[in-house]
Amino acid sequence: MQGEKRGLSFWILAGFFGLFVLFLYGPLSAIFILSFQGPGGGLTFPMQGASLNWFRELFVAQAVGDLGGSFGRSITLGLMVMAVTVLVSLLAGLAFRRPFWGSAFLFYLTVASLIVPSILMSLGIGLMFNVMGIRAAWWSSAFAAHLTWTLPFGLLIMFAVFNRFNRSYEEAARDLGATPWQTFRYVVLPLVLPSLIGVGLFGFSLSYDEFARTLMTAGSFNTLPLEIYGMTTNVTSPILYALGTLTTVFSLLIVLGALFAIGAVRRRRSRGLLPGG
Amino acid sequence: MSASIVTEGRAAGAIDPARAVTKRRRAEIGGPLTVLAPYLQAAPLFLILLAFLVVPIATIVMVSFWDYDSVMIYPDFVTFNYGEVFGSWVTWRTYLNTFKFTVIVWALTVTIGFWVAYFLAFHVRSAAVQMILFIVCTIPFLTSNIIRMISWIPFLGRNGIINSALVGAGIIEQPLEFLLFSDFAVVLAMVHLYTLFMVVPIFNTMMRIDRALIEAARDAGASGWQIITNVIIPLAKPGIAIGSIFVVTLVMGDFTTVRFMSGGQSASVGLLMANQMSLLQYPAAAANAVVLLAIVLLVVGGIMRIVNIRQEL
């Protein structure tokens, strides 16, 4: 299709795509703007002046609950989920490179984990802890519930990675006398590292935003999504928007950080410090 | 079995010399550890899914036969909870309402998702621009769903942008009431939340379509529309199927969007379960969960029969 003149269909589709992006970003930018409402402003336009009032409220007012605590719990939980997701998906991805007995079953089990509705997992894990007489907590039952959501995504990404993986690099390493561990450590791992960062990022942000799977499993302390949900039912001021703006900015920073890390890995590689690239 | 499909899917049918060599060499040097390796590597995933997927679902099935009152649940074997699900007109209506949302949202997301992915995959020529536009589409996904639902208030509310604009322009005299807290708002928010789950897999399969096939179709005299219907859609089917599985399961289990955007005026199975859970009627919620799970599995099984999604992986 190279070098062709762009026809009418291109412009129609480009317009459609533009509308889609507008649809995605329009509402978000509205709450972003409205979070800077003046002290007298409400949930809708017009702006009543501009101020940082609602961000200040977010940190000052204790009436809205335990934002600091829930934010800390969500981050800790996200990091725990991220670490386990990266490790377990990498191992399972390696396993699936060779045929093994029961692999079809494990594959369907993973797909099942992806398609079981979140509220159902929440109920199931909550009930399981209840029946076994173990107190549900964000770091135990909610952690488990999040893993049933992040691991399938992690494994699917690893499938995509290993499908495009050139096995001749491993062959070469082996021919040069590398042990399996050396082959993994110095050849395979550096090659899949950018994708592993992607898996980690995915795991973190899925966990950080997860509401339904946390609902029945968080125990007595809220995570951030639960806290935000609580706020939607009893807070009717732009303080909600301020919170929305802050959490969105935080998510963006995480993504930028991950993209930067992937970029750094690529740069190191292109300087010849790591193989491949 | 799926492992070979999974790992060799792309090379299926072709002889892969590298693999043959690997196999031979492994047979030469392979100790017991080499044979055990995949099992050890797959064990953590298996154990986690066993403990936190299989056992919880078994618990749901078990509890769905238990008895309960307003404070406790009691181990028992009663079919009362299922009688409640199938015998009440309210639950039938709730299930029908859930199907209604599923069908409408699926139709909208598959249409939007297909054209967005098609534009990105076949009309954007530079790989860099393609990547940037793709990332632009995925960024809102990183914001919490609840925040994205809240973000519709300034638009759809009684004094929101749309009503102000319509009243201001003299098109209507009274603000439209159906915009927020209605089925319309639920569907709009779901399309906003879930279209990405359609775009990503469809874009992914479209990127793998051999461009020579399209050239060939064009050389054979096919029009742009014929290329789409006879070449691209059949080849993009696995992506459409995966996206559909995502959207269908997400909509069927959804309760936050329904609760929030309908203002409590509409119902879904997920919301019904959430309400039962908040009233501590766990056995009743569990019975609904079993029925919902059966329906989801049937739908997904149906989609997987039409399209072999394992090929995709």
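These figures come from a predicted structure and were not determined experimentally. (Residues numbered from 1 in each chain as written. Chains lettered and ligands numbered in written order. Predicted model: local features only at pLDDT ≥ 70, side-chain atom pairs only at ≥ 80, totals over all residues. Heavy atoms only, no water.)

Enquirer: How should the overall build of chain A be read in this particular structure?
Expert: A count of helical and extended segments in chain A gives 11 helices and 0 strands. Helices and strands in chain A line up, N terminus first, as α-α-α-α-α-α-α-α-α-α-α. In terms of its C-alpha atoms, chain A occupies a principal-axis envelope of roughly 75 × 65 × 35 Å. By residue count, 54% of the 277 residues in chain A fall in the buried class. In chain A, once contacts between residues fewer than 6 apart in sequence are set aside, the share between residues at least 24 apart is 71%. For chain A, the accessible area works out to roughly 12300 Å², and carbon and sulfur atoms hold 69% of it. Across chain A, the mean location of the 17 positive side-chain charges is 8 Å away from that of the 9 negative side-chain charges. (Helix = DSSP H or I, 4+ residues; strand = E, 2+ residues; numbered from the N terminus. Buried < 20%, exposed > 50% of the residue type's maximum accessible area, 1.4 Å probe, protein only. Contact = heavy atoms within 4.5 Å. Areas by Shrake-Rupley, 256 points an atom, 1.4 Å probe, with all protein chains shown as cover. Lys, Arg positive; Asp, Glu negative; His and termini not counted. Charge placed at Lys NZ, Arg CZ, Asp CG, Glu CD.)

Enquirer: I keep staring at the overall build of chain B and nothing clicks. Help me out?
Expert: For chain B, the count of helices and strands is 16 helices and 2 strands. For chain B, buried positions account for 50% of its 313 residues. Taking the contacts inside chain B whose residues are at least 6 apart along the sequence as the reference set, 69% of them involve residues at least 24 apart. Total accessible area on chain B is roughly 14400 Å²; 69% of this is exposed by carbon and sulfur atoms.

Enquirer: It is not clear to me how the confidence of the model for chain B should be interpreted in this structure. Could you clarify?
Expert: Reading fine detail from the predicted coordinates is not recommended where pLDDT is low. All names here are of chain B. Predicted confidence across chain B gives a mean pLDDT of 83, with 88% of residues reaching 70 or more. Across chain B, element-level confidence peaks in helix α5 (residues 89-123) with a mean pLDDT of 94 and bottoms out in helix α1 (residues 2-8) with 39. Overall, residues 1-21 carries pLDDT values under 50, and its contacts beyond four positions in sequence, including any with other chains, amount to 31 contacts. Here residues 23-28 scores under 50 on pLDDT; set against residues more than four positions off or in separate chains, the count is 6 contacts. Among the scores for the predicted complex, ipTM is 0.86 and pTM is 0.85. (pLDDT = per-residue confidence, 0-100.)

Enquirer: Would you mind showing me how to read the pattern of salt bridges here?
Expert: If charged atoms from side chains of opposite charge come close, those side chains can pair. Residues and elements named next belong to chain A. What the rule picks out here adds up to 3 salt bridges over all chains. Of the charged contacts in the structure, one is a salt bridge between Arg97 and Glu170, with a shortest N-O distance of 2.8 Å. Highlighted residues: Arg97 in the loop between α3 (67-95) and α4 (103-115) and Glu170 in helix α7 (residues 168-175), separated in sequence by 73 residues. When its relative accessible area of 8% is taken as the criterion, Arg97 is described as buried. Owing to a relative accessible area of 10%, Glu170 belongs among the buried residues under this scheme. (Salt bridge = Lys/Arg side-chain N within 4 Å of Asp/Glu carboxyl O.)

Enquirer: Would you take a moment to explain the interface of chain B and chain A for this structure?
Expert: By a widely used convention, the size of an interface equals the accessible area lost when the partners come together. On the chain A side, the residues contacting the 101 residues of chain B number 98 residues. Summed over both partners, the interface of chain B with chain A buries about 9100 Å², with 77% contributed by carbon and sulfur atoms. Between the two partners, chain B and chain A, sit 6 residue pairs in polar contact (both at pLDDT 80 or more). If one sorts the elements of the side of chain B that touches chain A by residue count, helix α3 (residues 32-63) of chain B sits on top with 22 residues. By residue class, the composition of the side of chain B that touches chain A is 71 nonpolar, 19 polar and 11 charged. (Buried area = accessible area lost by both parts, 1.4 Å probe. Polar contact = N/O pair within 3.5 Å; in protein donor to acceptor, adjacent residues only side chain to side chain. Nonpolar A, V, L, I, M, F, W, Y, C, P; charged D, E, K, R; others polar.)

Enquirer: I keep staring at the packing of α7 of chain A against helix α8 (residues 180-209) of chain A and nothing clicks. Help me out?
Expert: When two helices pack together, you describe them by how their axes are tilted relative to each other and by the distance separating the axes. All names here are of chain A. With their axes 10 Å apart at the nearest point, α7 and α8 run at an angle of 160° to one another. In terms of orientation, α7 and α8 fall into the roughly antiparallel class. Crossing of α7 against α8: the hand is right-handed. Residues Tyr169, Glu170 and Ala173 of α7 touch α8, and the partners they reach there are Thr183, Val187, Val188 and Leu191. Taken together, the residues of the contact of α7 with α8 break down into 5 nonpolar, 1 polar and 1 charged. (Axes fitted to C-alpha atoms, helices over the stretch in contact; angles between N-to-C directions. Parallel < 35°, antiparallel > 145°, perpendicular 65-115°, else oblique. Left-handed = near helix turned anticlockwise from the far one by under 90°.)

Enquirer: Explain the nonpolar core here, please?
Expert: As a rule of thumb, soluble globular proteins bury nonpolar side chains together. With 163 residues, the main nonpolar core has Leu123 of chain A together with Leu156, Met206, Ile232 and Met261 of chain B as its most contacted residues. The dominant element in this core, judged by the number of residues it contributes, is helix α10 (residues 183-208) of chain B, at 16 residues. (Core = buried A, V, L, I, M, F, W, Y, C linked by side-chain atoms within 4.5 Å.)

Enquirer: What is the right way to read helix α6 (residues 127-138) of chain B from this model?
Expert: What sets the pattern is the α-helix's 3.6 residues per turn: residues three or four places apart point alike. The terminal C-alpha atoms of α6 of chain B, which comprises 12 residues, lie 17 Å apart, in line with the 16 Å expected from a rise of 1.5 Å per residue. Where α6 of chain B is buried, its residues touch α1 (8-34) of chain A together with α5 and α10 of chain B. The N-cap of α6 of chain B, judged by a side-chain oxygen 3.3 Å from the amide nitrogen of Ala128 of chain B a few residues on, is Ser126 of chain B. (Expected span 1.5 Å × (residues − 1).)

Enquirer: Sorry if this is basic, but what is going on with empty space enclosed by the protein here?
Expert: A probe matching the size of a water molecule, rolled over the atoms, marks out where space remains unfilled. As enumerated under the stated definition, the model contains 6 cavities of 30 Å³ or more in all. Size it by volume and the largest cavity reaches roughly 540 Å³. What lines the largest cavity is a set of 32 residues, among which Ser118, Trp149 and Glu210 of chain A together with Asn145 and Leu250 of chain B lie closest to the centre. Counting residues per element, the ones that place at least two in the lining of the largest cavity are α4, α5 (118-132), α8 and α9 (212-215) of chain A together with α7 (145-150), α10, α12 (224-253) and α13 (256-262) of chain B. The residue makeup of the lining of the largest cavity, split by class, is 19 nonpolar, 9 polar and 4 charged. (1 Å grid on protein atoms, 1.4 Å probe; cavity = no way out; pocket = protein on both sides within 12 Å on 5 of 7 lines; lining within 4 Å. Points joined across faces, edges and corners; volume = space filled by probe spheres on them.)

Enquirer: When you look at the packing of aromatic side chains in this model, what are you seeing that I'm missing?
Expert: Two measures describe an aromatic ring pair: the distance that separates the ring centres and the angle between the ring planes. Considering all chains together, one arrives at 32 aromatic pairs over all chains under this definition. Seen in terms of ring centroids, Phe107 of chain A and Tyr108 of chain A are 5.5 Å apart; in terms of plane orientation they differ by 65°. Their pairing is edge-to-face. For Tyr108 of chain A, a relative accessible area of 36% translates into the label partly exposed. A connected cluster of aromatic rings, assembled from ring pairs, spans Phe96, Phe100, Phe107, Tyr108 and Phe159 of chain A together with Tyr39 of chain B. Above the face of the Tyr186 of chain A ring, Arg185 of chain A is positioned so that its terminal group lies 5.0 Å from the ring centre. Lying across the ring of Phe260 of chain A, Arg267 of chain A places its NZ or CZ 5.8 Å from the centre. (Phe/Tyr/Trp six-rings, centres within 6.5 Å; stacked < 30°, edge-to-face > 60°. Lys NZ or Arg CZ within 6 Å of the ring centre and 35° of its normal.)

Enquirer: Explanation requested: unusual backbone geometry in the structure shown.
Expert: Across the chain, the bulk of peptide bonds are trans and the bulk of non-glycine residues have phi less than zero. Residues and elements named next belong to chain B. Notably, Phe181 is not glycine yet its phi reads approximately 55°, a positive angle. Mapped onto the elements of the fold, Phe181 is located in the loop between α9 (161-168) and α10. Under the relative-accessibility criterion, Phe181 is labelled partly exposed at 42%. At Leu280, a residue that is not glycine, the phi angle is positive and equals roughly 60°. Counting through the fold element by element, Leu280 comes out in the loop between α14 (269-278) and α15 (282-306).

Enquirer: How should the packing of α5 of chain B against α6 of chain B be read in this particular structure?
Expert: All names here are of chain B. Orientation of α5 relative to α6, taken along the N-to-C sense of each, is 160°, at an axis distance of 9 Å. Comparing the axis directions of α5 and α6 gives the class roughly antiparallel. The two elements α5 and α6 cross, and the hand of that crossing is left-handed. Touching Phe119, Leu120 and Ala121 of α5 are Gln130, Leu133 and Phe134, all from α6.

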